[in-house]
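What follows is the residue order along each chain.
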Amino acid sequence: MDGRKGILQGIFTDTVPATKQKAISLPVKGKAKGTDTLVKKAVPDSVVVTDTIKISKDSIDAIIKTHAEDSGVLIVKNKQFILYGKAKTEYKDLTLEAATIQFDQQTQIVKAYGSLDTSGNPLSKPQFTQGDMKTVSDSIVYSMKTAKGLTKNTFLQEGEIFVNAQVLKKISADEVFALNARFTTCNLDTPHFAFRAHRMKLINNKLAVTGRVYPEIESIPIPMISLPFGIFPLNRARHSGVLFPAFTSSEDFGFGLEGLGYYKVINDNVDITARTNLYSYGGWNLNLNSKYIERYKLSGNLNLSFLNTKTLNRSAITKDEFNESQSFMINWNHSRDTRARPGTNFSANVNFGSSKYNQSLLNNPYQNYMNQLSSSVSYSKDWRGKYNLSVNLNHNQNSNLRLVNMTLPTVTFNVVTLYPFQKENKIGSGKWYEKIGIGYSGNFQNQFSFYDTAFNFKRLIDTAQWGAIHSIPISLSLPSLGAVTIAPSISYEERWYGQETFRTWDTTKLKVDTTVKKGFYTARQMSFGVGINTRIFGTYKFDSSRHNLIAIRHEIRPSISFSYHPDFSARDHYSTRVDTSGTVLRFSKFDGGIIGSYSEGAFGGVSFGIDNLLEMKVKDSTDPKGKKIKLLDGFGFNSSYNLLADSFALGSFSFYARSTLFDKVNITAAANLDPYDINNLGYRVNKILWDPTHFKFGRITGGNLAISTSFKSKSKDGKTDKDRQLPVDPFMTPDEQQRQLQFARSNPAEFTDFNIPWNLSLSYSFNFSRVLKTDYSGFTTETFSSLNFNGDFSLTDKWKLGGTGYYDVSRGAIQQLSMFITREMHCWQLAINVTPLGLYRSFNITLSPKSGILRDLKINRSRTFSSY
């Protein structure tokens, strides 16, 4: 075998089959009770029997698989086996690779060595792998009997830590001792930074413990900065532990420690995190967060926050040195897996707290401007698709007005359309009356309102409102008449109210008084209608030999419906004087209730509308049929005309348009046009406003426009936007996902992607509407316009500058602006975040390792200033 080239594979065993066997000894039950005797039994020649050979003490207990590209030498006298040339040995869960591997059967010791190439560089260094632990060394000595080993100049990776030890001693499958060790999270052969320790112990997937430890930067040791010992967690699973704080400074709050806390794993399904912020002026913040999950059943998250704000008083109105306030916030998210109880579902998204909570948060510009809070808790049940029930508890809160509205409960019960005349065993299309369908929808609501600054139970009861809506629709499904579809319908609806509201003119005080009367009141409405709709297509083709444009296609979707409903609500309306000039308006006694009132007057007329789609087809090298491009996703209008009305017969026109230009610019626009003129106070008069010479075709009473787009350069690594999304744990609650997103927004420098040289996102919105003044003296136009921008660009391959902001066009001022600059440093990252505008102005400088295991080892400097 010596000198033989090629691949050599061997399997060592310690049992040998016997060649001749004639009889075996079998135990049989003897005559005496409880005794056995051995009796010789003749065995047929066809039965093969083996003898057991006694195993020697130096034999192995498992198969060893070997491989060598050069040769294998078996020295029988010394019981040694040597492999040469990219040798590989596999034994149980151990794998050993080296230039030379030597095995001594007597001592069961394996030795492995590397080699040098023709230029003297290391070649085929010994690599030892057991479980999740892998080492690369100059030499390896390992005992298969004791599972212990000794290596020289070893490189070891344990999780995110890279360890280099002069001598490494393995005492078990999970425990390793190191002498003169260097460990780091930088994956370079010569790391940018490291920590040096004379002695070190590693426990696989648990922790690493060292004696005196000091840092080393660019291979320069700094023993002046040292610790008496070091403990580095290596457990990749979740485990309890202390959460270290970050230092901050603020003119209003003083010096502070933010993020100090503790994480506790209660069991496999529940954990809890406690964090606190402490400030030198006496303010503090306590946050308790608990996440629970039971796979295939439920998951949720509960968060409790308490703020004791104590800030320096900058106002000259009061002489107090500090301003103090207390606030709280409760967030609860819960969802149940649909597989837990098919047909039922329960979910909750609760956000309830003090109105000043969002404004009091430091270094969170997005939450500082959140003026609305909303909550919902819902339960639903479905009965095999025939009936469904939903119960909802809702809450909304305006932080500016400090008004809280709670709708609880809202109960909805629906009966899916039934066909009472349809035969059980239908054959063919059936009779026309078999397609008559009837359904039911019921809704009950109950609402309480109060101001969080003046809460008491009596006022809560006074503001309580309730109401219900019952609707019974009857429909008939008729077959299409060519390209035209006809759909007749009948609907009956009844509404229940818990109060009536009356407005009267006070001739003494010259103002409108409002009186609310509690009780049980009803109103009803019935309507009849038939709808007709179709689709019209038109295509204009171009000469494709002369143009890249192949064709333009226009689709028109006209719809018209005739309906009638009698005037059942005339008795619920009345007239009231509203100002000193004698203006009289009509009101419903159900105005201002939780459920809206019916409009006054009978309607017998026609409703009409047109929707359009415009697209074109151009040549495309990847598709011989061409590529479709949508020019307008939809544009059109809707209106109505009441044939029974003696005034204001023509309804308002609702115009809309939406498009995505060049697959980049999203545009959505809508407007409401009133065809009637107004008087000097802004009230409608029965006169059509039509003057083509002055381009007057009615009055635009409201509208909105939204434009958004984003541009970016090509990525250097070729990844798509989907690949660059923030990793989301599938078991994270929606609240946790939102918090992760908010953290990324608040600290954009720490989430910078250097593979995209530049990117820019812009969005603009504009809204306006005509609303009645609170004193009924006329109308006023309310407008709101804003511009949001976000972007960054690379100054160099390692430096990137960016920012995000919000510009209030209506006020002509930037309401919020955040900028960042970051430096990519391979295993470290420098991030500078600056917020010069907002409720709180701040800057933050952070120098930290990228590794998550060393996330608390950072240099942080931050300061915050109040803008009010």
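Residues numbered from 1 in each chain as written. Predicted model: local features only at pLDDT ≥ 70, side-chain atom pairs only at ≥ 80, totals over all residues. Heavy atoms only, no water.

Draft legend 1. Examining the overall build of the protein chain more closely. What the protein chain contains, in helices and strands, is 4 helices and 55 strands. In the protein chain, buried positions account for 33% of the 868 residues. Considering only contacts in the protein chain between residues 6 or more positions apart, those separated by 24 or more positions represent 50%. (Helix = DSSP H or I, 4+ residues; strand = E, 2+ residues; numbered from the N terminus. Buried < 20%, exposed > 50% of the residue type's maximum accessible area, 1.4 Å probe, protein only. Contact = heavy atoms within 4.5 Å.)

Draft legend 2. Layout of the pattern of salt bridges. Applying the stated criterion across every chain yields a total of 24 salt bridges. For Asp611, the salt bridge is made with Arg557, and the minimal N-O distance between the two is 3.2 Å. Of this pair, Asp611 sits in strand β40 (residues 603–620) while Arg557 sits in strand β37 (residues 549–565), placing them 54 residues apart in sequence. Residue Lys800 is joined to Asp792 by a salt bridge in which the shortest nitrogen-to-oxygen separation is 3.3 Å. Like Asp792, Lys800 is buried. Each of the salt bridges in this network shares a partner with another, and the network as a whole consists of Arg535, Arg553, Glu555, Arg557, Asp611 and Glu615. (Salt bridge = Lys/Arg side-chain N within 4 Å of Asp/Glu carboxyl O.)

Draft legend 3. Molecular detail of the confidence of the model for the protein chain. Residues at a pLDDT of 70 or more form 86% of the protein chain, whose mean pLDDT is 82. Between the elements of the protein chain, mean pLDDT differs from a low of 40, seen in strand β1 (residues 23–29), to a high of 93, seen in strand β43 (residues 665–674). Scored below 50 in pLDDT, residues 1–43 makes 62 contacts in the model with residues more than four places away or belonging to other chains. (pLDDT = per-residue confidence, 0-100.)

Draft legend 4. Spotlight on the nonpolar core. If you look at the biggest cluster of nonpolar residues, it comprises 23 residues, and the most contacted ones within it are Val163, Phe183, Phe193, Met200 and Leu202. Of all the secondary-structure elements, those providing two or more residues to this core are β14 (161–170), β15 (175–184) and β16 (193–203). The element best represented in this core is β16, accounting for 5 residues. Ignoring any residue separated from it by four or fewer positions in sequence, one finds Val163 in contact with Thr154, Phe155, Leu156, Arg182, Phe183, Met200 and Leu202. Counting 17 residues, the second largest nonpolar core, distinct from the first, contains Ile64, Leu96, Ala112 and Phe128. (Core = buried A, V, L, I, M, F, W, Y, C linked by side-chain atoms within 4.5 Å.)

Draft legend 5. The arrangement of unusual backbone geometry in detail. Of note, the bond from Leu408 into Pro409 is cis; its omega dihedral lies within 30 degrees of zero at -10°. Counting through the fold element by element, Pro409 comes out in strand β31 (residues 403–418).

Draft legend 6. Main features of the environment of Ile629. Looking at where Ile629 falls in the secondary structure, it is placed in strand β41 (residues 623–642). Along the sequence, Ile629 and Glu615 sit 14 residues apart, while their C-alpha atoms lie 5.6 Å from each other. Apart from the residues lying within four places of it in its own chain, the contact partners of Ile629 are Glu615, Met616 and Val618.

Draft legend 7. Broad picture of empty space enclosed by the protein. Applying the stated criterion across every chain yields a total of 5 cavities of 30 Å³ or more. Taken as a whole, the largest cavity spans an internal volume of roughly 120 Å³. Around the largest cavity sit 13 residues that line it, and Phe128, Thr135, Thr151, Leu168 and Lys170 are the ones nearest its centre. Counting only elements with at least two residues in the lining of the largest cavity, the list comes to β11 (133–136), β12 (139–143), β13 (148–158) and β14. Of the residues assigned to the lining of the largest cavity, the class counts are 8 nonpolar, 3 polar and 2 charged. (1 Å grid on protein atoms, 1.4 Å probe; cavity = no way out; pocket = protein on both sides within 12 Å on 5 of 7 lines; lining within 4 Å. Points joined across faces, edges and corners; volume = space filled by probe spheres on them. Nonpolar A, V, L, I, M, F, W, Y, C, P; charged D, E, K, R; others polar.)

Draft legend 8. Representation of the pairing of β15 within the structure. Direction of pairing for β14 relative to β15: antiparallel, over a ladder of 8 bridges. Bridge pairing links Lys169 to Phe177 in β15. Hairpin connection, β14 to β15: the antiparallel pair is bridged by 4 residues. (Pairing = 2+ DSSP bridges.)

Draft legend 9. Just the packing of aromatic side chains, in detail. Overall, the coordinates contain 28 aromatic pairs when judged by the stated rule. Ring geometry for Phe193 against Phe195: centres 6.2 Å apart, planes inclined by 90°, an arrangement best described as edge-to-face. The burial state of Phe193 is the same as that of Phe195; both residues are buried. Geometrically, the ring pair formed by Phe247 and Phe255 is stacked, given 6.0 Å between the ring centres and 20° between the ring planes. On the basis of relative accessibility, which here comes to 37%, the residue Phe247 falls in the partly exposed class. Given a relative accessible area of 51%, Phe255 falls into the exposed group. Feature note: the residues Phe183, Phe193, Phe195 and Trp828 constitute an aromatic cluster, connected by ring pairs. When the ring centre of Phe322 is taken as origin, the NZ or CZ atom of Lys310, which lies over that ring, is 5.0 Å away. (Phe/Tyr/Trp six-rings, centres within 6.5 Å; stacked < 30°, edge-to-face > 60°. Lys NZ or Arg CZ within 6 Å of the ring centre and 35° of its normal.)

Draft legend 10. Quick look at the layout of surface pockets. In this model, the second largest pocket occupies a volume close to 750 Å³. As for the second largest pocket, its lining consists of 23 residues, of which Arg586, Ser599, Glu600, Phe648 and Arg684 are closest to the centre. For the lining of the second largest pocket, the elements supplying multiple residues, two or more each, are β39 (584–588) and β41. Here the lining of the second largest pocket takes 4 residues from β39, the largest share from any one element.

Draft legend 11. Inspection of the side chain of Glu493 at higher detail. Along the chain, Glu493 turns up in strand β34 (residues 485–506). A distance of 2.9 Å separates the side chain of Glu493 from the side chain of Tyr598, its partner in a polar contact. Apart from residues lying up to four places away in sequence, Glu493 is in contact with Ile469, His470, Ser471, Ala523, Arg524, Gln525 and Tyr598. (Polar contact = N/O pair within 3.5 Å; in protein donor to acceptor, adjacent residues only side chain to side chain.)

Draft legend 12. Local environment of the pairing of strand β54 (residues 840–849). Bridging between strand β53 (residues 828–837) and β54 involves 8 bridges; their strand directions are antiparallel. Across the sheet, residue Ala831 finds its bridge partner in β54, namely Thr846. Remark: 2 residues form the turn of the hairpin made by β53 and β54, two consecutive strands paired antiparallel; Gly838 in that turn has positive phi of roughly 140°.

Draft legend 13. Here's a closer look at the state of the cysteines. What the rule picks out here adds up to 0 disulfides. For the unlinked cysteine Cys186, the closest cysteine sulfur is that of Cys827, found at 3.6 Å. Here Cys186 falls in the buried class, since its relative accessible area comes to 1%. For Cys827, a relative accessible area of 6% puts it in the buried group. (Disulfide = S-S within 2.5 Å.)

Draft legend 14. Examining the environment of Asp93 more closely. Position of Asp93 among the secondary structure elements: in the loop between β5 (80–91) and β6 (94–104). Between the C-alpha atom of Asp93 and that of Gly131, which follows or precedes it by 38 residues, the distance is 6.5 Å.

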